Amino acid sequence: MDPVLLYWKNEGQSFLSRVKLWFNLLDPSSLLSSDAEIQKAHSLLGSGENREKDAPALTLALSSVHADSGAVLPLVFRPPAFLPISAPLVVASFLPHSGVKPAVFWQFLLQSYSTGFNYANRNSSSEQGKKTSLKQLLLIAGTVSYTACAGALPQIFINRLRVRSAPVQTFLRSILPIPLSAALAFFNVVTVRSEESDSGIQVFDSNGNPVGFSKAAGEKAVRETATSRAAMFGTTAAAPNLLIFLLQRTRLFQRSPLLVAPLRHMSVAFVLGLMIPVSFALFPQLGTIKKEKLEEELQAAAVDGHLFYHRGL
């Protein structure tokens, strides 16, 4: 088991401890570190010595190294890069666009980045030493195309149906994007990481020894990650709209309606910033699966009643 996973096993089993840890791991300043510095930090993680003294190095390794391969993650797909890159894309995708093309454009950028992040941070234990297959490339391309078009559906409805009714426009711009954003985020993870459900992922016993590959664990890992991503984007779409709805009833905003747009943009970025560590922490990075839910050939290895698996991100 990689030292990154061993650390998550020891330090990240309660929700509050995971939230606290993710707030530390998402520090954007770690993006300035070189690959050599990250690899050195990863080696310190494996030694298990002087953890308090080497806390910055451990944080750097946990936020920059893939837990399955031990390789340094691409810069733009590391967890600390998620907020700086995705925040402007999310804000732009929620704007009330005047036409279909800008809506599709911003959705395409957002869904492309989300797809790349999901793929880079997947569980790749069954793919070690293999190149990305044509099937996987087609799935990635299809996911981006489908989710970009589906994400622009509210604007497509408004333009194609020539909606002029204010209540209908409000529904399409403020209400529909909430379940739509959550559903597309869930779909993106499930589709891009379908290989884990099809081929299985590596599972470990309580001592960290690999005991085989489990499709049941792969399905659970993908489902948990998809749920956490849906919670992130769904909440990011819902909370700012609720805030604006309440504030528009106040005298200040009735006298100064121009304040609504900047407040909406800032609240979207703020809620997203809060939801990223919370959603990343919803489920343990080192998950467990009960013996009775495992394949028959793996149940004998679950002497403690369960096995461990890397959930991915």
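As the structure is a computational prediction, the values presented were derived from the model and not from experiment.

## Side note on the pattern of salt bridges
Phase 1: Within this structure, the stated rule accounts for 4 salt bridges.
Phase 2: Between Arg 78 and Asp 35 there is a salt bridge, and its shortest N-O distance comes to 3.4 Å. Highlighted residues: Arg 78 in the loop between helix H4 (55–64) and helix H5 (79–93) and Asp 35 in helix H3 (residues 35–47), separated in sequence by 43 residues.
Phase 3: Residue classification places Asp 35 among the partly exposed residues on the basis of a relative accessible area of 45%.
Phase 4: Residue Asp 198 is joined to Lys 135 by a salt bridge in which the shortest nitrogen-to-oxygen separation is 3.5 Å. You can see Asp 198 sitting in helix H11 (residues 194–199) and its partner Lys 135 sitting in helix H7 (residues 134–151), a full 63 residues away along the chain.

## A few points about the packing of H5 against helix H14 (residues 260–280)
Phase 1: Between H5 and H14, the shortest axis-to-axis distance is 10 Å and the interhelical angle comes to 145°. Where H5 crosses over H14, the two elements pack in a sense that is right-handed. In contact with Pro 79, Phe 82, Leu 83, Ser 86, Ala 87, Val 90 and Val 91 of H5, H14 contributes His 265, Val 268, Ala 269, Leu 272, Gly 273, Ile 276 and Phe 280.
Phase 2: Split into classes, the residues belonging to the contact of H5 with H14 amount to 11 nonpolar, 3 polar and no charged.

## Considerations on a nonpolar patch on the surface
Phase 1: On the surface, a cluster of nonpolar side chains totalling about 280 Å² of accessible area is made up of Phe 15, Leu 16 and Leu 282.
Phase 2: Within the fold, Phe 15 resides in helix H2 (residues 15–25).

## Here we look at empty space enclosed by the protein
A water-sized probe rolled over the atoms picks out the places where empty space is left.
Phase 1: A complete count under the given rule lists 1 cavity of 30 Å³ or more for this structure.
Phase 2: Size it by volume and the largest cavity reaches roughly 150 Å³.
Phase 3: In this structure, the largest cavity is lined by 15 residues; those nearest its centre are Leu 62, Val 65, Asn 121, Gln 285 and His 310.
Phase 4: Grouping the constituent residues of the lining of the largest cavity by class yields 9 nonpolar, 5 polar and 1 charged.

## Some thoughts on the layout of surface pockets
Phase 1: Taken as a whole, the largest pocket encloses approximately 870 Å³ of empty space.
Phase 2: In this structure, the largest pocket is lined by 47 residues; those nearest its centre are Phe 94, Arg 173, Ser 174, Pro 177 and Asn 241.
Phase 3: Among the elements of the structure, H5, helix H6 (100–120), helix H8 (153–160), helix H9 (166–175), helix H10 (177–192), helix H12 (215–247) and H14 are those that each provide at least two residues to the lining of the largest pocket.
Phase 4: It is H12 that provides the largest number of residues to the lining of the largest pocket, a total of 10 residues.
Phase 5: Classifying every residue of the lining of the largest pocket gives 28 nonpolar, 16 polar and 3 charged.
Phase 6: Estimated volume of the second largest pocket: approximately 410 Å³.
Phase 7: Around the second largest pocket, the lining comprises 21 residues; the ones closest to its centre are Tyr 119, Arg 122, Ser 124, Glu 127 and Lys 130.
Phase 8: Split by residue class, the lining of the second largest pocket holds 6 nonpolar, 10 polar and 5 charged.

## Let's talk about the nonpolar core
Phase 1: Ranked by internal contacts, the top residues of the largest apolar core, which has 44 residues, are Met 232 and Phe 280.
Phase 2: Every element with two or more residues in this core is listed here: helix H1 (3–11), H2, H3, H4, H5, H6, H12 and H14.
Phase 3: Among all residues touching Phe 280, those that are not within four sequence positions of it are Trp 22, Leu 26, Pro 79, Phe 117, Arg 229, Met 232, Gln 285, Arg 311 and Leu 313.

## Things to note about the UniProt feature "transmembrane region" (unreviewed entry) in the protein
Phase 1: Taking the UniProt record as the reference, the feature "transmembrane region" (unreviewed entry) is found at residues 137–158, 170–190, 230–247 and 267–283.
Phase 2: Between the C-alpha atoms that bound residues 137–158 there is a distance of 33 Å. The span itself is 95% helix and 0% strand.

What counts, and where the lines are drawn
- Residues numbered from 1 in each chain as written.
- Predicted model: local features only at pLDDT ≥ 70, side-chain atom pairs only at ≥ 80, totals over all residues.
- Heavy atoms only, no water.
- Salt bridge = Lys/Arg side-chain N within 4 Å of Asp/Glu carboxyl O.
- Helix = DSSP H or I, 4+ residues; strand = E, 2+ residues; numbered from the N terminus.
- Buried < 20%, exposed > 50% of the residue type's maximum accessible area, 1.4 Å probe, protein only.
- Axes fitted to C-alpha atoms, helices over the stretch in contact; angles between N-to-C directions.
- Left-handed = near helix turned anticlockwise from the far one by under 90°.
- Contact = heavy atoms within 4.5 Å.
- Nonpolar A, V, L, I, M, F, W, Y, C, P; charged D, E, K, R; others polar.
- Patch = residues over 30% accessible without salt bridge, like charges linked within 9 Å, V, L, I, M, F, W, Y side chains within 5 Å.
- Areas by Shrake-Rupley, 256 points an atom, 1.4 Å probe, with all protein chains shown as cover.
- 1 Å grid on protein atoms, 1.4 Å probe; cavity = no way out; pocket = protein on both sides within 12 Å on 5 of 7 lines; lining within 4 Å.
- Points joined across faces, edges and corners; volume = space filled by probe spheres on them.
- Core = buried A, V, L, I, M, F, W, Y, C linked by side-chain atoms within 4.5 Å.
- UniProt positions renumbered as here; feature names shortened; annotations may be inferred.

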